[in-house]
Amino acid sequence: MRLHNRVALVTGAAMGIGKATALLFAQEGARVLAADINEQEGAETEREIRAAGGECLFHRTDVSDEGDVEAAVKAATSRFGPVEILLNVAGIAHEAPAHELKLEDWQRILNVNLTSMFLCAKHVLPGMISLHRGAIVNISSVQGLFGFPGYPHYAASKGGIISLTRQLAREYASEGIRVNCIAPGTVDTPMNHGVLARVPDPDALKAAWAKMHPLGRFGQPLDIAQGALFLAGEESSWITGQCLAIDGGVSCRVF
Ligand SMILES: NC(=O)c1ccc[n+]([C@@H]2O[C@H](COP(=O)([O-])OP(=O)(O)OC[C@H]3O[C@@H](n4cnc5c(N)ncnc54)[C@H](O)[C@@H]3O)[C@@H](O)[C@H]2O)c1
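Since the model is a prediction, treat every value here as computed from it, not as a measurement.

Reading guide: rules and limits
- Residues numbered from 1 in each chain as written.
- Predicted model: local features only at pLDDT ≥ 70, side-chain atom pairs only at ≥ 80, totals over all residues.
- Heavy atoms only, no water.
- Near = heavy atom within 4 Å.
- Polar contact = N/O pair within 3.5 Å; in protein donor to acceptor, adjacent residues only side chain to side chain.
- Areas by Shrake-Rupley, 256 points an atom, 1.4 Å probe, with all protein chains shown as cover.
- Helix = DSSP H or I, 4+ residues; strand = E, 2+ residues; numbered from the N terminus.
- Nonpolar A, V, L, I, M, F, W, Y, C, P; charged D, E, K, R; others polar.
- Domains from an automatic or database assignment.
- Buried < 20%, exposed > 50% of the residue type's maximum accessible area, 1.4 Å probe, protein only.
- Pairing = 2+ DSSP bridges.
- Right-handed = clockwise from strand over helix to strand, strands pointing away.
- Core = buried A, V, L, I, M, F, W, Y, C linked by side-chain atoms within 4.5 Å.
- Contact = heavy atoms within 4.5 Å.
- Expected span 1.5 Å × (residues − 1).
- Bend = angle between axes of the 7 residues up to and from the residue.
- Phe/Tyr/Trp six-rings, centres within 6.5 Å; stacked < 30°, edge-to-face > 60°.

**Regarding the site of the ligand**
Taken together, 29 residues sit near the ligand, with Asp-36, Val-89, Tyr-154, Val-187 and Thr-189 positioned nearest. Lys-158 places a polar side-chain atom, nitrogen or oxygen, 2.9 Å from an oxygen atom of the ligand. Here an oxygen atom of the ligand sits 2.5 Å away from a polar atom, N or O, in the side chain of Thr-189. Protein coverage of the free-state accessible area of the ligand, which is 820 Å², stands at 93%. Per-element tally for the shell around the ligand: the top contributor is helix α6 (residues 190–197), with three residues. In terms of residue class, the shell around the ligand is built from 15 nonpolar, 11 polar and three charged. Of the residues that make up the shell around the ligand, three or more belong to each of domain 1 (7–184 + 221–245) and domain 2 (190–218).

What follows is the structure, given as structure tokens:
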């Protein structure tokens with residue numbers, strides 16, 4: 001087991017990439033605090049992990065609310081001990097070109113996608129400093145690496161995550177804390193199921209997404225969770241401040 005008895009806080013753990021990561025980490029022996037705003041699906045993540053013999057506590061958390069984040073970290077610490085691994089996964093998407101984008105939508109996306117990652121890091125760092133070890137993995141996006149029409153606020157939040165990752169990596173390396181991020185391509189999750197439900201021809205869009213990625217398919221949540229496991233565990237002990245694109249090669253293509 002690669003994370004035996006390690007205490008991990010996973011945000012966005014009710015669905016998609018966060019859920020796959022929480023399940024995989026628990027399978028690898030981690031004690032998981034599953035944080036999410038969705039109580040029903042979050043409780044289901046806890047139930048599935050326990051049914052498989054793992055350790056998990058779901059805590060209803062809005063990651064953009066500092067009080068909620070503080071409470072989630074306290075819940076993890078009192079149940080399992082200081083958080084040693086933070087997986088910042090929770091995020092939301094919204095589409096609008098810049099000239100039509102409302103300021104409130106800009107701020108909402110920045111708060112949930114970027115400020116949340118600062119808040120979660122802020123509240124786990126004291127425990128990691130006291131242990132003199134820790135690993136933080138932030139989920140960015142290929143949209144933080146290159147332009148994609150219609151998503152200025154989402155792209156800005158994801159680019160900000162990459163910069164925040166490098167800054168925290170530099171600042172806390174001397175404390176034995178590593179900070180990395182992952183830039184996924186298109187992944188088969190409820191976030192994208194929502195997009196497919198809004199278009200007239202979902203099969204055509206699915207085919208276009210698959211074709212867009214040089215490896216010929218879009219990603220599964222486990223593809224991202226496996227990368228998160230590597231960056232959270234000892235196998236990556238000399239890696240910090242990096243952004244790993246797990247994207248079927250989409251960031252390699254020009255046309
Ligand atoms: N799916 C993709 O193609 C893709 C690609 C690149 C990056 N990402 C990023 O990966 C992460 C996970 O995406 P996903 O596709 O699994 O999404 P998803 O919508 O399937 O799951 C996101 C989870 O985050 C939770 N969440 C949303 N707002 C929250 C809040 N304020 N507080 C706490 N929890 C909240 C949701 O309840 C949900 O459980 C996001 O940061 C997303 O931007 C996804």
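Okay, back to it.
**Structural notes on the pairing of strand β2 (residues 31–36)**
Within β2, five of the six residues are buried, which leaves the element mostly enclosed by the surrounding structure. Relative to β2, strand β1 (residues 7–11) runs parallel, the two sharing five bridges. For Val-7, the partnering residue across the bridge sits in β2 and is Arg-31. Crossover β1 to β2 through helix α1 (residues 16–27) is right-handed. Relative to strand β3 (residues 55–60), β2 runs parallel, the two sharing six bridges. Residue pairing for β3: Ala-35 is matched across the bridge by His-59.

**Here we look at the nonpolar core**
Core analysis: the largest hydrophobic core is formed by 34 residues, its most contacted members being Leu-9, Leu-33, Leu-86, Val-124 and Ile-136. Secondary structure elements with two or more residues in this core: β1, β2, α3 (66–80), α4 (103–131), α5 (152–172) and β6 (177–184). For this core, the element with the most residues is α4, which contributes nine residues. With sequence-adjacent residues up to four places away left out, Leu-9 is seen in contact with Leu-33, Ala-35, Ala-72, Val-73, Val-83, Ile-85, Leu-86, Leu-87 and Val-124. If you look at the next biggest cluster of nonpolar residues, it comprises 30 residues, including Ile-17, Phe-58, Ile-224 and Ala-225.

**Digging into the environment of Ile-162**
Following the sequence through the fold, Ile-162 ends up in helix α5. Aside from chain neighbours lying at most four places away, what touches Ile-162 is Ser-140, Gly-144, Leu-145, Cys-181 and Cys-243.

**Things to note about the domain arrangement of the protein**
Taken domain by domain, the protein holds domain 1 (7–184 + 221–245) and domain 2 (190–218). Summarising the inter-unit geometry, the C-alpha centres of domain 1 and domain 2 are found 25 Å apart.

**Re the pairing of strand β4 (residues 85–88)**
Residue alternation in β4 divides its side chains into two sets, Ile-85 and Leu-87 and Leu-86 and Asn-88, and both sets are buried. As judged from the three bridges shared by β1 and β4, these two strands associate in the parallel manner. The partner of Ala-8 across the bridge, within β4, is Ile-85.

**Things to note about α4**
Counted at 1.5 Å a residue, the expected span for α4 with its 29 residues is 42 Å, and the 41 Å between its end C-alpha atoms agrees. The largest bend along α4 reaches roughly 40° and is located at Asn-111. Of the residues trailing α4, His-132 is marked for its positive phi of about 55°.

**Things to note about the packing of aromatic side chains**
Tallied over the entire structure, the rule returns three aromatic pairs. Note on Tyr-151 and Tyr-154: the rings are 6.1 Å apart at their centroids and 65° apart in plane angle, and the pair reads as edge-to-face. With a relative accessible area of 14%, Tyr-151 lands in the buried category. Pairing Trp-209 with Phe-218 gives two aromatic rings, centres 6.0 Å apart and planes at 85°, and the pair type is edge-to-face. Side by side, Trp-209 and Phe-218 carry an identical accessibility label, which is buried. Within the aromatic cluster, the residues linked to one another by ring pairs are Phe-148, Tyr-151 and Tyr-154.

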